[in-house]
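Topology and contacts: notes
Take a look at the letters that make up each chain.
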Amino acid sequence: MRKTAIIGCLFALIFLWTGCWSETAADRARRRAQEKAGEQEAAAGEIASVSDSVSFQEVKPVSSPALRFFSLQGPVSAVSYTIDDSADGDGLHYDPITEFPIIDGMSLRFNREGGFENLRDYLRRNVDETGSVDYMLNSEGSLRRIVINNYAYNSMDNTYSYNSDGLPVSFSNSGIHESTKGYISYNAQNLPVRLTFEAQFAFMGEEGTLKGTVTADYLSFDSHGNWTRRRLDIRAMRTSSVYDQNGDLQPATSEPDNNSFIESRTISYY
């Protein structure tokens, strides 16, 4: 009888000891799981923080007021333009959107801060030794005015205004024989896509107006996101009157003045 009681007590002790051991193991397992979960959460937080900082740094490529005028971004050192079938005999033409004077084969250079480096020398290529050029920048470093005095066909005085993003949105152009006002519209990528213009002219016994639009379709871009080719479509109506041999102004006539061409540019970087 006593032996049976002793055996029962032993079984009870073994049962209690086993239960205590099992509970301690469960507690340890739960604690380790909680610690591991905490470590994973902390690591996830660090990864999210790093991702946020990387995306913040990559929000916008570097651009300056001078570069934005030409729809350029990044470490640009120089840009040169070619416009098919739009240059005169001296290789001079004007950008169809901004009326900025362009010379085939000559690069407009920028310094490492994105400011103009050879703007005066560039503009002087539009004049002979008797001509003169001048320009003014606004407080942000963007073009405010360009003045070129030379032969009648390319004398000009351009004045620009800007929006809050530093993009040129309008200009006025006065020359010896004509004056123009233009308004520029942009797409979501801050590329100029439409110019609405009105010009008044008087030259060689003819006077009148030219009203219309220039639209731009961008065809190719480089690795910095700058456009390298675009198609330009000009749709305008020319209304003019001419003087007869007696000096009498004849009734006005109107006719479309349309054109399309490709503008290309070569961009180099620091």
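The residue numbers shown here count from 1 along each chain, following its written sequence. Residues qualify for local features only when their pLDDT is at least 70, as the model is predicted, and side-chain atom pairs are given and counted only at 80 or more; totals for whole chains, interfaces and linings, by contrast, use all residues. Computation of side-chain values covers all heavy atoms of the structure but excludes hydrogens and water.

Considerations on the confidence of the model for the protein chain
The share of residues in the protein chain with pLDDT of 70 or more is 73%, and the mean pLDDT across the chain is 79. Note that residues 2-22 has pLDDT below 50 and, in this model, zero contacts with residues that lie over four places away or in other chains. Here pLDDT means the predictor's own confidence in every residue, given as a number from 0 to 100. Note on contacts: a residue pair qualifies if any of its non-hydrogen atoms lie within 4.5 Å across the two residues. Of the regions scoring below 50 in pLDDT, residues 46-60 engages in zero contacts with residues more than four places distant in sequence or in other chains.

Notes on the pattern of salt bridges
A carboxyl oxygen of Asp or Glu within 4 Å of a side-chain nitrogen of Lys or Arg is what we treat as a salt bridge. All chains considered together, the criterion is met by eight salt bridges. The residue R120 makes a salt bridge to D134 at a minimum N-O spacing of 3.7 Å. Of the two residues, R120 is situated in helix α3 (residues 119-124) and D134 in strand β5 (residues 132-137); the sequence distance between them amounts to 14 residues. Exposure is judged per residue with a 1.4 Å probe applied to protein chains only, and the accessible area is read against the type maximum: over 50% gives exposed, under 20% gives buried, and values in between give partly exposed. The class for R120 is partly exposed, based on a relative accessible area of 38%. The class of D134 is partly exposed, set by a relative accessible area of 39%. One salt bridge in this structure joins R230 and E263, with 2.6 Å as the shortest N-O distance. Here a strand is any run of E in DSSP of at least two residues, a helix any run of H or I of at least four, and the numbering for each starts at the N terminus.

Section: the pairing of strand β9 (residues 178-186)
Of the pairings in the sheet, the one linking strand β8 (residues 168-174) to β9 comprises five bridges and is antiparallel in character. In the strand pairing of β9, N173 is matched with T180. Bridge analysis of β9 against strand β10 (residues 192-203) gives nine bridges, and the strand direction is antiparallel. What sits directly across from Y183, in β10, is T196. DSSP-based pairing: two strands are paired if at least 2 bridges between them are found.

Details of the side chain of S240
With respect to the secondary-structure elements, S240 resides in strand β12 (residues 227-242). Here the side chain of S240 touches E206 through a polar contact of 2.8 Å, side chain to side chain. Residues contacting S240, with those up to four places away along its chain left out, are F201, E206, E207, G208, P251, A252 and T253. Throughout this description, a polar contact denotes any pair of N or O atoms lying within 3.5 Å of each other; where both atoms belong to protein, one of them has to be capable of donating a hydrogen while the other can accept it, and for residues adjacent in sequence the pair is counted only when both atoms sit in side chains.

A look at unusual backbone geometry
Its identity as a non-glycine residue notwithstanding, S71 has a phi of 55°, on the positive side. Among the secondary structure elements, S71 is positioned in the loop between α2 (65-69) and β1 (76-83). Using a relative accessible area of 15% as the deciding quantity, one classes S71 as buried. Backbone geometry places N190, a non-glycine residue, at a positive phi of 65°. Along the chain, N190 falls in the loop between β9 and β10.

Quick notes on the packing of aromatic side chains
One pair of aromatic rings is described through two measures. These are the centre distance and the angle between the planes. Pairing of aromatic rings covers Phe, Tyr and Trp, the last counted by its six-membered ring, and requires centre-to-centre distances within 6.5 Å; plane angles under 30 degrees mean stacked, over 60 mean edge-to-face, and any other angle means tilted. The tally for this structure, following the rule as stated, stands at twelve aromatic pairs. Between the aromatic rings of F100 and Y122, the centroid separation amounts to 6.0 Å while the plane-to-plane angle is 20°, which identifies the pairing as stacked. Here F100, found in the loop between β2 (92-94) and β3 (101-103), pairs with Y122, found in helix α3; they are 22 residues apart in sequence, far enough to count as distant. Linked through ring pairs, F69, F70, F100, F110, F116, Y122, Y160 and F171 together constitute an aromatic cluster.

Here we look at the nonpolar core
Here, nonpolar core means buried Ala, Val, Leu, Ile, Met, Phe, Trp, Tyr and Cys residues that are tied together by side-chain atoms lying within 4.5 Å of each other. Core analysis: the biggest nonpolar cluster contains 43 residues, and F70, L72, F100, L108, F110, F116 and Y122 have the highest contact counts within it. Residue contacts for F110: discarding those within four places in its chain leaves A66, L67, F70, L72, V76, S77, A78, V79, G115, F116, E117 and Y270.

Let's talk about the pairing of β12
Taken together, the 15 bridges between strand β11 (residues 206-221) and β12 define a ladder with antiparallel strand orientation. Residue pairing for β12: Y218 is matched across the bridge by R230. In this structure, the hairpin formed by β11 and β12 is closed by a connection of five residues, where G225 is found at a positive phi of approximately 85°. Two strands pair when backbone bridges link them, and β12 and strand β14 (residues 259-269) are joined in this way by six bridges, in the antiparallel orientation. Within the sheet, the bridge partner assigned to R231 lies in β14 and is I262. Strand direction decides the pairing type here: β12 and strand β13 (residues 253-256), joined by four bridges, are antiparallel. Bridged to S240 within β13 is T253.

Some thoughts on the environment of R144
Within the secondary structure, R144 sits in strand β6 (residues 143-149). When its relative accessible area of 45% is taken as the criterion, R144 is described as partly exposed. In this structure the C-alpha to C-alpha distance between R144 and Y162, which are 18 residues apart in sequence, comes to 8.9 Å. In this structure, R144 is in contact with M136, L137, N138, N158, T159 and Y160, ignoring residues within four places of it in sequence.

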